[in-house]
Amino acid sequence: MTRTHNRLLSLAGLAIAIGLGAPACDRGESSSDSASARLPGPLNLPANRNGQVPALLSETGIFTDLQTLTPHPALLAYDINVSFWSDGADKKRWIWVPPGRSIRFSPTGEWEFPAGTVLIKHFDMPTDLSRPEVKRRLETRIVITEAGGEVFGIAYKWRDDGRDADYIVRSLREEIPVQAPDGVQSRKWYFPHAHDCLQCHISLAGGVLGVSTRQLNCDFPTPDGRLQNQLLTWGERGLLKPRPRPEALSTYPRLAAAHDSSRSLEDRARSYLDVNCGYCHRPDGAPGEFDARYETPLSKQNLVNGPVLIDLDLDHARTIAPRDPSRSLILQRIDTLKRTKMPPLARESIDAEGVALLREWIESLQP
Ligand code: HEC
Ligand code: HEC
């Protein structure tokens, strides 16, 4: 879809609104202006949540070649220390910051992103357990920041032939066949609509959830192929102000992956809770007394022996009961697909590795 075409579509939308008798009393920015506001630069994306969204991923300009998933050269690929559990999918990530603007860096907590920053996350599902390179393209998701720390989301669902992806008009579930050694398994996948994004990408957590010092503090290839700490790479490219200092890197927090045996069990378990739960479970966030954020010291997280609001009929339930996984509500909420499951949406299967990690940690705690 060309820009002119988009503008025609938004005019058509306006005409329909007038046709339905919408009162013309809005004296602020007219809806046609805000709907046609596009980001500056190479990407064909709306600058605000009312803007017109291209119907096809190919029209956004994010990838210059959809077959090879080659990103536009203005995008920077990045990776994070600990991924959110997404039903076994593999993910790739890119960022674009408007020219001349930068992200406000801080060694801890959330960074502040300039309006018009674009973050892209692409999901593939491995569909043959004996051949990890065999994958099915599922989704490409986009988060765009607005002024004031709010974000909005857009998602595209890949077509079965993998040639292009369509804007997701309403959320849906689909069964994905996966070849296992003992036959074909079926995996459920939830394709979220733009409304769903905002249940997790909340402004209380800064809107952008996985771009922080503790997540990016690791080595990743630069565009010219050097392996370097991403915080330095982003600083060199002018994306971070103030620039992270090389000599301070070792003092910055760094999340620990579940399988990283060089880190303590406690670090790994608390990293898991930070990434999977901490954007909702923090002060003034979701119901519950605990703070799942990694940078809150364990003694202040209200996790171990922490009081619970809803005990799920468990005797002496605690947020975490040392040495007792069956009374530890955190584990009971992760190790289930029932109505009480956590996170409450966009999770269709149990993260066996995550459950094992938390169980091991709980069993190691002194009562
Ligand atoms: C169940 C919670 C949840 C939902 C729903 C969700 N996300 Fe996310 N998303 C996350 C978490 C947690 C991260 C950071 C960790 C990661 O990337 O693995 C993230 C990261 C991202 C990123 C990378 C930038 C960032 O914030 O770190 C993009 C882009 C993204 N999500 C887009 C979307 C879009 C678009 C939707 C809706 C269609 C959506 N997400 C729905 C939890 C969610
Ligand atoms: C999208 C926001 C969101 C995310 C992400 C999320 N939760 Fe929750 N959580 C809620 C809401 C809302 C409730 C209250 C409703 C309910 O109890 O089901 C809740 C309730 C809970 C409770 C009950 C608290 C009490 O004292 O009774 C526990 C325990 C819990 N969550 C654990 C987790 C864990 C562990 C994770 C990460 C794996 C997680 N949650 C991720 C929103 C979230």
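The following refers to the structure shown. (Residues numbered from 1 in each chain as written. Chains lettered and ligands numbered in written order. Predicted model: local features only at pLDDT ≥ 70, side-chain atom pairs only at ≥ 80, totals over all residues. Heavy atoms only, no water.)

### Brief notes about the nonpolar core
Line of reasoning, step 1. One finds Trp111, Val211 and Trp234 to be the most contacted residues of the largest nonpolar core, which totals 22 residues.
Line of reasoning, step 2. Those elements giving two or more residues to this core turn out to be strand 3 (76–78) and helix 5 (230–236).
Line of reasoning, step 3. Setting aside its immediate chain neighbours within four residues, tryptophan 111 contacts Ile103, Arg104, Phe105, Ser106, Val211, Ser212, Thr213, Leu216, Leu231, Trp234 and Leu240.
Line of reasoning, step 4. Listed in part, the 20 residues of the second largest apolar core include Leu45, Leu57, Phe63 and Phe152. (Core = buried A, V, L, I, M, F, W, Y, C linked by side-chain atoms within 4.5 Å. Buried < 20%, exposed > 50% of the residue type's maximum accessible area, 1.4 Å probe, protein only. Helix = DSSP H or I, 4+ residues; strand = E, 2+ residues; numbered from the N terminus. Contact = heavy atoms within 4.5 Å.)

### A short note on the packing of aromatic side chains
Line of reasoning, step 1. Per the stated rule, a full pass over the model turns up nine aromatic pairs.
Line of reasoning, step 2. Between tyrosine 156 and tyrosine 167, the ring centres sit 6.1 Å apart and the planes meet at 70°, which makes this aromatic pair edge-to-face. Remark: tyrosine 167 occurs in strand 9 (residues 165–167) and tyrosine 156 occurs in strand 8 (residues 151–158); sequence separation between them is 11 residues.
Line of reasoning, step 3. Of the aromatic side chains, those joined through ring pairs into one cluster are Tyr78, Phe105, Trp111, Trp234 and Tyr252.
Line of reasoning, step 4. Its guanidinium or amino end placed over the ring of phenylalanine 191, lysine 157 lies 4.9 Å from that ring's centre, counting from NZ or CZ. (Phe/Tyr/Trp six-rings, centres within 6.5 Å; stacked < 30°, edge-to-face > 60°. Lys NZ or Arg CZ within 6 Å of the ring centre and 35° of its normal.)

### Some details on the coordination of the iron atom of ligand 2
When four donors bind a metal tetrahedrally, each ideal donor-metal-donor angle is 109.5 degrees, and when six bind octahedrally, the ideal angles are 90 or 180 degrees.
Line of reasoning, step 1. For the iron atom of ligand 2, the full set of protein donor atoms is His281 (NE2) and Met342 (SD), at a range of 2.0 to 2.3 Å.
Line of reasoning, step 2. Residue classification places methionine 342 among the partly exposed residues on the basis of a relative accessible area of 26%. (Donors = N, O, S within 2.8 Å, 3.2 Å for Na, K, Ca; no water.)

### With respect to the side chain of arginine 268
Line of reasoning, step 1. Relative to the assigned elements, arginine 268 resides in helix 6 (residues 265–277).
Line of reasoning, step 2. Buried charge without a partner: arginine 268 forms no salt bridge, and the closest opposite charge is glutamate 360, 5.2 Å away.
Line of reasoning, step 3. At 3.2 Å, the side chain of arginine 268 and the backbone oxygen of arginine 263 are in polar contact. (Lys, Arg positive; Asp, Glu negative; His and termini not counted. Salt bridge = Lys/Arg side-chain N within 4 Å of Asp/Glu carboxyl O. Polar contact = N/O pair within 3.5 Å; in protein donor to acceptor, adjacent residues only side chain to side chain.)

### Let's talk about the sheet that holds strand 6 (residues 118–126)
Line of reasoning, step 1. Reading across from one edge, 3-4-6-7-8-9 is the order of the six strands in this open sheet, with antiparallel pairing throughout. At either margin of the open sheet sits one strand with a lone partner, and together these are strand 3 and strand 9. The sheet shows a mean angle of 25° between the axes of neighbouring strands, taken without regard to direction.
Line of reasoning, step 2. Examined bridge by bridge, strand 4 (residues 90–96) and strand 6 share seven bridges and lie antiparallel to one another. Its bridge partner lying in strand 6, aspartate 90 is registered against aspartate 124. (Pairing = 2+ DSSP bridges. Axes fitted to C-alpha atoms, helices over the stretch in contact; angles between N-to-C directions.)

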